[in-house]
Structures are given as C-alpha cells and as structure tokens.
Amino acid sequence: MKHFLSVNEVTNLSQLVDNALAYKANPFKDAELGHNKRLGMLFLNPSMRTRISTQIAAKNLGMDAIVFNVGQDGWSLEFEDEAIMSGTSVEHVKEAAPVLGKYFDILGVRTFPSLKNKEDDYSELYINQFIKYSGVPVLSLESATLHPLQSLTDIITIQETFKEKRKPKIVLTWAPHVKALPQCVANSFSQWVNAWGGADFVITHPEDYELDSKFTKGATITLDQDEALKDADLIYIKNWSTYTDYGKIYCNDPEWMLTNEKLAITNKAKVMHCLPVRRNVELSDEILDGSSSIVTQQAGNRVWAAQAVLAELLKSKKQ
Ligand code: CP
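One structure accompanies this document, and this report is about it. (Residues numbered from 1 in each chain as written. Predicted model: local features only at pLDDT ≥ 70, side-chain atom pairs only at ≥ 80, totals over all residues. Heavy atoms only, no water.)

What follows covers the packing of helix 6 (residues 148–161) against helix 7 (residues 184–196). Any two packed helices are characterised by the angle at which their axes cross and by the distance between the axes. Contact geometry of helix 6 with helix 7 gives a least axis separation of 9 Å together with a crossing angle of 50 degrees. As summarised for this structure, helix 6 and helix 7 are arranged oblique, according to the angle between their axes. Read as a crossing pair, helix 6 and helix 7 show a hand that is right-handed. Contact residues: helix 6 offers Pro148, Ser151, Leu152, Asp154, Ile155, Ile158 and Gln159, while helix 7 offers Ser188, Phe189, Trp192, Val193 and Trp196. Here the contact of helix 6 with helix 7 is built from residues that sort into 8 nonpolar, 3 polar and 1 charged. (Axes fitted to C-alpha atoms, helices over the stretch in contact; angles between N-to-C directions. Helix = DSSP H or I, 4+ residues; strand = E, 2+ residues; numbered from the N terminus. Parallel < 35°, antiparallel > 145°, perpendicular 65-115°, else oblique. Left-handed = near helix turned anticlockwise from the far one by under 90°. Contact = heavy atoms within 4.5 Å. Nonpolar A, V, L, I, M, F, W, Y, C, P; charged D, E, K, R; others polar.)

Okay, structure coming up:
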C-alpha cells in the first residue's frame, strides 16, 4: 500500500480487518514497527476522532505524530496550478508539500469539499496535490469525497457485531441536517460495503439525494425508508447534501430521523453513525441513549483501523 485514499488501495480487505482486530486485542504487538518514524497530520478542517485516534494508533506503533492545523496555525495554502497569488493564500502546495515530505515519513491530510464545484471536489485536487509534491506516502484523514479510515472502522465494527452465519442486511439511510454536508462518508461507506461483499446492502434517501453510482453500484436503492428498514440488522445514519444538483439541501423532513418506532420494523438492528451527530435532528435521543446504538464502540474502533493502515504503509516503505 503506497498511499491510502480509498478501498482501491487495499489488496486484501478481510486481512486488513483481521489485522485491525488483532491490534484491538493486543495494541502494542508492533510497538517497534514505527520506531524513529514520524507521521505528519495536516488538518484543513476540524476533527476530534480522526485526529486523536490516528495519533494514538501512531504511538502504539512507536511512531511520533505531529499535528498541524493549516490556515489556523500556519500559512493558508494555494492548490491551483498557475495561480496568481495576490489573494489570501500565502504559500503554494508546490513548496509546502515537498518541505513536509522532508520532515515526515508519512503525511496524513484532512480536507473537505467546497460543495460549490462538483468537478473540482470530485477530482480530489487537494489530496492529490500532496501526493504529487510531497514524495512520501499520503494517508487520507478524510478527503473531499471519501473517508476511508472511517469506512474501514465501520466494516470492523460490523464484523465484530454481527456474528450470525448469514449475510447481514445493512441499510444506509439519509437523515436530516441543518447544514449542507459532504457526501464523503456515504460515498465511502457504500464503496467499502460493496468491496467487502458480505452484506445485503440497501441505501435509502429522499428524492434528489442520489449518490454517485460509481460508489453505490451493487446496492439496492429505494426512496422508501420503511421498506428499506424492514428486517435490517445494521443501520448507518448519515446526512449528505445533493450530488446531482451539487451541494444543496432539498429536504429537511424530520420524518427521516430514526426513532424507536421505526426501529421496531427492523431485526433488532444496531445503529451506527460516524459522529459528530446532531441530536434530535439526525438521530433521536431515544436511539442514541438506547441499547441499539453502537456509535461509541464504532468511534473507539477508529484507533485500530488507523493502526492497521499505518502498519501497512510502514511495511510498504520498508520493502
Ligand atoms: N467521524 C469523524 O471523522 O470524526 P471527526 O470529524 O471528529 O474526526
């Protein structure tokens, strides 16, 4: 694994999940693997879980991790080629990335989409510029369109939660939100569940909220949430803004929020969310405070997903 941007870099997903669960059982078993290696973690946007869990994962492998908040602690960056930098950007990624490549063995980057220009966002300009110019392995800490560390965590959590000898029914359902949010988590979850292949996978959302079929192909898609939830074993709640007419909020229907009444038509489904979550907008108190919610177990697993991926990147660098 040279870089980690999506499931496409993973050669053996089932092995990666097993590796993560082995780290959960024994966090320090590879405590020498990252000795004298440094992880740089660049945040162009806020984070709690990704930032802390990846630092812990690096430490478990014996690495040093340094966090840098771009734009807040340092100079604001320019990413466009041939930009005339007479505006607010102070430093071009063409200088910043190779400098960071001198400081770090692996470079983690978190960016968000603009939600204004679909072509720019879906070209993953920011993270690809770091790959182009840093000269070191790049680890996505969430990009404009995907959140692979979150999705690996989600597969790990599903595998350790669902123990029956049949495929689980997994439902990704859209939920209301007050802000226009990226499609990253929903895209990425769809991509990873489809690659994992171990599920009956259903996606449900209101009209106009179709995701990019590049990620959803293989799932059953329905506008009827009740139909989707019937007999579900696991439900993944997430808001996203519109993809086709890009970055819009067309619906805020509170009927789409999951409640205990809706949970009654499922197969005692466990409820997942990547967090942070808006209580009583995206998910009701009764769900989050009840026994069906596995959101904190899920967030805890972020450490083991990050550790398994960092270990792969470190091993690839040694070869
Ligand atoms: N789920 C997730 O990525 O959380 P943070 O934004 O807090 O990192």
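This part takes up empty space enclosed by the protein. According to the stated counting rule, one finds 1 cavity of 30 Å³ or more in the structure shown. The calculated volume of the largest cavity comes to roughly 30 Å³. What lines the largest cavity is simply Trp174, His177, Lys179, Tyr209, Asn239, Trp240, Ser241, Ile249 and Cys251. Here the residues of the lining of the largest cavity sort into 5 nonpolar, 3 polar and 1 charged. (1 Å grid on protein atoms, 1.4 Å probe; cavity = no way out; pocket = protein on both sides within 12 Å on 5 of 7 lines; lining within 4 Å. Points joined across faces, edges and corners; volume = space filled by probe spheres on them.)

Spatial ordering of the open sheet is given by 2-1-5-6, a layout of 4 strands whose pairing is parallel. One side of each edge strand has no neighbouring strand; the edge strands of this open sheet are strand 2 (64–69) and strand 6 (138–140). The mean inter-strand angle of the sheet, taken between neighbouring strand axes irrespective of direction, is 20 degrees. Strand direction decides the pairing type here: strand 5 (residues 106–110) and strand 6, joined by 3 bridges, are parallel. Across the sheet, the residue bridging to Val109 is Ser140, located in strand 6. (Pairing = 2+ DSSP bridges.)

One number sums up the size of the largest pocket: a volume of about 570 Å³. Lining the largest pocket are 27 residues, and of these Arg110, Phe112, Leu181, Leu275 and Pro276 lie nearest its centre. Secondary-structure elements contributing two or more residues to the lining of the largest pocket are helix 2 (49–60) and helix 7. For the lining of the largest pocket, the class distribution of residues is 14 nonpolar, 5 polar and 8 charged. Composition of the lining of the largest pocket by domain shows at least three residues from each of domain 1 (7–146 + 301–318) and domain 2 (150–299). (Domains from an automatic or database assignment.)

To continue, consider the pattern of salt bridges. By the definition in use, this model includes 10 salt bridges. Measuring nitrogen to oxygen at the nearest pair gives 3.9 Å for the salt bridge that ties Lys29 to Asp30. In this structure, Arg279 engages Asp285 in a salt bridge whose closest nitrogen and oxygen atoms are separated by 2.8 Å. The partly exposed category is assigned to Arg279, whose relative accessible area is 40%. Residues joined in a network through salt bridges with shared partners are Glu164, Arg166 and Asp233. (Salt bridge = Lys/Arg side-chain N within 4 Å of Asp/Glu carboxyl O. Buried < 20%, exposed > 50% of the residue type's maximum accessible area, 1.4 Å probe, protein only.)

These figures come from the coordinates and say nothing about function on their own.
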